[in-house]
Amino acid sequence: MNNGLSKSLIVGAAIFLLVLAGLHFTAVTLSAMRANNAFTADLRVPFLFAVYYLSWIGVFIANFYILTRYLPVYGNRFLVILFIAGLFIWIPCATIIDGKLSDAVFNTGLGSGSTVGILFKVDPITYFTKFLVYCYVFGAIAVLVYYRMYQGARIQILEREKEAAEAKTLEVQQKLTSLQLQLAPHFLFNCLNMLSALARMGKRDELVFVIARLGDMLRFVYEASQRNTITLAEEIDFVETYVKLQQARFADKYNFNMTVSGEPTKAKCPPFCVHTLVENAYTHSTVDDEQNTEIAVRIEIGESRVRITVGNNNPAKIDSKKLGVSLANLNDRLKLLYADRYRLDSAGDDGSYTAQMEFPHESED
């Protein structure tokens, strides 16, 4: 709770006590008039009522302020000490004022004599009644203070949890950025190898085509590496361009086929996730003059999950370290984005190599 709420609470309590004082004054005056037809108003009566109820307001404000400030520091023992101190201060004062008030209204004679003498004229039941009233008021104040402390502690816990969550989010974002930045030099290295291979083979037209496409691809690599997710449609476009570069290099040695079920423009995915699997399918095979390599990509976009399967029929380099590094990078990114809600695995034998990835379908806003 803030200071504004504390002030509102104190003002509300003061208004309540003042209204109560007015009602009490009216009731006592009417009672005195019924008991004594010759009753005349005494200016001391409203003054004593004001002092009596102002003492209650003072008790409320003083105890509320003192408990709010010192209870968190000194603990519950301070609550007991303050209760006892207030008991021995307020009850005598309230008894004296009450005696004066009773004498002024009903002429009981209780207020005659010395002020301190009133304390010895009051019966024990009156003291007990005032003790109970004081306990109720002090208990209400203590409850309000404890509730205020509870709210303050709860706000601090929520703030710490928020700070921890923000720090965790920042850490995850930094890890994602680091992992995605690793892809840019990896992709550039592969492109340079492709250009070098085309130059050695003397494929001038293909070399010009690849160079023309590289600018757009490198721009996409840079922009996508700054984002946690992109649309599947963007990823598919990038993969199709990559496949065209591979076809320029290897001609008809690879037969590439990709099928998509669902709407890729409304689904999100990590950047380069499909490209990584497709690149591995190329890396995971050897060009053979006697056999064309079939590379098949199947993308299934369901209501809650996206499943991507990539495979080839020529797993010549099943133990490629390059393959392990790229899949490890992809696995780390998927884990940061989806925790345990994804699946990524690969398998190869003498006849084929297949990699499969599955993650939640999150619509693009």
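Residues numbered from 1 in each chain as written. Predicted model: local features only at pLDDT ≥ 70, side-chain atom pairs only at ≥ 80, totals over all residues. Heavy atoms only, no water.

J.: Could you clarify how one ought to interpret the packing of helix 8 (residues 232-250) against helix 9 (residues 273-283) in this entry?
T.: The relative placement of two packed helices is expressed as an angle between their axes plus a distance between the axes. Interhelical geometry of helix 8 versus helix 9 gives an angle of 25 degrees and a closest axis separation of 8 Å. Classed by the angle they form, the pair helix 8 and helix 9 counts as roughly parallel. The crossing of helix 8 and helix 9 is right-handed. Packed against helix 8, whose contacting residues are Leu232, Glu235, Phe238, Val239, Tyr242, Val243 and Gln246, the element helix 9 presents Cys273, Val274, His275, Val278, Glu279 and Tyr282 at the interface. (Axes fitted to C-alpha atoms, helices over the stretch in contact; angles between N-to-C directions. Helix = DSSP H or I, 4+ residues; strand = E, 2+ residues; numbered from the N terminus. Parallel < 35°, antiparallel > 145°, perpendicular 65-115°, else oblique. Left-handed = near helix turned anticlockwise from the far one by under 90°. Contact = heavy atoms within 4.5 Å.)

J.: Help me out: how do you make sense of the sheet that holds strand 2 (residues 254-261) in this one?
T.: As summarised here, the arrangement of the 5 strands in space is 2-4-5-7-6, forming an open sheet in which the pairing is mixed. For this open sheet the edge positions go to strand 2 and strand 6 (343-348), each flanked by a neighbour on one side alone. With direction set aside, neighbouring strand axes in the sheet form an average angle of 10 degrees. Of the strand pairs in this sheet, strand 4 (residues 293-301) and strand 5 (residues 305-312) are connected by 7 bridges, and their pairing is antiparallel. Of the residues in strand 5, the one forming a bridge with Ala296 is Gly311. Across the sheet, helix 8 touches strand 2, strand 4 and strand 5, and the angle it forms with strand 2 is around 170 degrees. Where helix 9 meets the sheet, its contacts fall on strand 2, strand 4, strand 5, strand 6 and strand 7 (353-360), and the angle it forms with strand 5 comes to roughly 15 degrees. (Pairing = 2+ DSSP bridges.)

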